[in-house]
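These are the residues of each chain, in order.
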Amino acid sequence: MQAGLREELLAALRLQIDWGVDEALEAAPLDRFAAPVVHPDPAPTAAIATPGLQAPALLAPALLAAALPAIATPAALATGRAAEAGSLEALRAAIAETDSPLRDTATNLVFADGVAESGLMLIGEAPGADEDRLGRPFVGVSGQLLDRMMASIGLERSKNFYLTNILPWRPPGNRTPTDGEIALFLPFLLRHITLVRPRHILLLGGTPAKSLLRAKDGITRLRGRWHSLPMEQGAIPALPTLHPAYLLRSPAAKREAWADLVLLRRTIDGEVAAG
Ligand code: URA
């Protein structure tokens with residue numbers, strides 16, 4: 001290959017990586033020009049994809065209605081599996097067994113890190129590239145900042161806190177989790193909290209804050225004060241704060257994050273009440 005052409009192709013590849021195209025979804029390239037064109041079917045019948053068939057098989061509405069009660073939704077299946085998990089190991093296995101397009105594109109399941117018995121649980125959004133590669137939450141640059149922030153209030157990952165995320169699998173290209181993905185994995189996260197029984201929870205960023213507190217407000221309105229997270233075993237105080245990745249992009253916001261950390265430390269020490 002000529003050197004000029006090679007450089008051009010490499011530059012195009014670099015640009016794609018910069019734009020977030022960092023996952024090869026198929027082992028072999030797919031020639032979409034050679035693929036058959038599928039026209040939408042205007043017939044008033046419901047289509048159900050049947051494994052092994054090229055085109056979807058068609059079910060008459062009456063047959064579909066009869067079959068529906070037997071088809072458990074992925075969210076219902078997840079809720080059942082999560083409820084059955086009696087230990088963190090069982091929960092991890094249940095998540096690993098749950099079908100999700102995210103599981104197909106990720107490399108490693110990112111379950112948790114730190115000390116489950118510490119009494120403090122940190123909940124982030126979703127694994128990034130480094131977390132996906134190593135199978136541990138918050139090990140990339142934002143994780144390193146998080147460790148420094150926690151160390152500034154005297155808390156270490158190896159002794160004083162436990163970490164997990166809303167999603168256990170990395171969304172391709174680090175995109176924001178969809179509502180469907182959050183809904184699918186929320187029963188596992190709730191079970192995770194029930195099994196760990198933390199005394200305090202720190203919610204890192206808008207996604208965990210909104211999903212767990214069922215809040216409409218954004219993180220800038222939610223942060224800075226304790227909220228109550230209703231759980232089976234009783235309410236747990238939860239403090240939303242800014243995500244470390246946001247702090248890397250907006251260093252001026254570190255002031256607010258610092259105030260949240262001081263509040264966390266003073267609450268843990270019993271100097272102020274959570275709520
Ligand atoms: N951001 C998150 O929210 N979680 C991680 O594990 C890493 C980055």
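Since the model is a prediction, treat every value here as computed from it, not as a measurement. Residues take numbers from 1 onward in each chain, read along the sequence in its written order. Residue-level local features of this predicted model are given only where pLDDT is at least 70; pairs of side-chain atoms are given and counted only at 80 or more, and the full residue set underlies all totals for whole chains, interfaces and linings. The basis for every side-chain value is the complete set of non-hydrogen atoms in the structure, without hydrogens or water.

Caption draft 1: Region of interest: the pairing of strand E5 (residues 162-165). What you see with E5 is no split at all: Tyr 162 and Thr 164 on one side and Leu 163 and Asn 165 on the other are buried throughout. A pair of strands is labelled paired if DSSP reports no fewer than 2 bridges between them. Put simply, DSSP H or I for four residues or longer makes a helix, DSSP E for two residues or longer makes a strand, and each gets a number counted from the N terminus. Across two bridges, the pairing between strand E3 (residues 113-114) and E5 is antiparallel. When the sheet's bridge partners are listed, Asp 113 is paired in E5 with Leu 163. Looking at chain direction, strand E4 (residues 120-124) and E5 are connected through four bridges and run parallel. Within the sheet, the bridge partner assigned to Gly 124 lies in E5 and is Asn 165. Partly exposed describes any residue whose relative accessible area lies between the buried limit of under 20% and the exposed limit of over 50%, with all areas from a 1.4 Å probe on protein chains only and scaled to the type maximum.

Caption draft 2: Fine view of helix H4 (residues 88-97). Along H4, the residues classified as buried are Leu 91, Ala 94 and Ile 95. With its buried residues spanning 100° around the axis, H4 presents them on a single face. Of the exposed residues in H4, the ones pointing more than 90 degrees away from its buried face are Glu 89 and Glu 97. Arc, as used here, means the arc of the directions from the helix axis to the C-beta atoms.

Caption draft 3: Just the nonpolar core, in detail. Throughout, nonpolar core names a set of buried Ala, Val, Leu, Ile, Met, Phe, Trp, Tyr and Cys residues whose side chains join them through atoms within 4.5 Å. Of all hydrophobic cores here, the largest spans 58 residues; its most connected members are Leu 122, Ile 123, Met 150, Ile 193, Ile 201 and Leu 264. Per-element tally for this core: the top contributor is helix H8 (residues 179-196), with eight residues. The contact definition used throughout considers only heavy atoms, calling two residues in contact when any of these lie within 4.5 Å. Non-local contacts of Ile 123, meaning those with residues more than four positions away in its chain, are made with Thr 164, Asn 165, Ile 166, Leu 189, Ile 193, Ile 201, Leu 202, Leu 203, Leu 204, Pro 208 and Leu 212.

Caption draft 4: Just the sheet that holds E3, in detail. Ordered by their spatial adjacency, six strands build an open sheet running E3-E5-E4-E6-E8-E7, and the pairing between neighbours is mixed. Each having just a single partner strand, E3 and strand E7 (227-229) make up the two edges of the open sheet. In the sheet, strand E6 (residues 200-204) pairs with strand E8 (residues 236-241) via four bridges, with the strands oriented parallel. The residue bridging Leu 203 from the neighbouring strand is Pro 240, located in E8. To get an axis, fit a line to the C-alpha atoms, keeping to the stretch in contact for a helix; angles then go from 0 to 180 degrees between the N-to-C directions. Sheet strands touched by helix H7 (residues 141-151): E4, E5 and E6. Its angle to E4, the strand with the most contacts, is close to 150°.

Caption draft 5: Expanded view of the site of the ligand. All residues in the neighbourhood of the ligand are listed as Gly 124, Glu 125, Ala 126, Glu 131, Pro 137, Phe 138, Ser 142, Asn 165 and His 243. A distance of 2.8 Å separates a nitrogen atom of the ligand from a polar side-chain atom of Asn 165. Each accessible area is a Shrake-Rupley estimate made with a 1.4 Å probe; only the visible protein chains count as cover when residues are assessed. Summarising the interface, the protein chains cover 93% of the accessible area of the ligand, which totals 240 Å² for the free molecule. Ten residues, namely Ala, Val, Leu, Ile, Met, Phe, Trp, Tyr, Cys and Pro, are considered nonpolar, four, namely Asp, Glu, Lys and Arg, are considered charged, and the remaining ones, Gly among them, are considered polar. Per-class residue counts for the shell around the ligand are three nonpolar, four polar and two charged. We call a residue near a molecule or strand when any one of its heavy atoms sits within 4 Å of it. Counted as a polar contact is a pair of N or O atoms within 3.5 Å, where, for protein atoms, one must be capable of donating a hydrogen and the other of accepting one, and residues adjacent in sequence contribute only when both atoms are in side chains.

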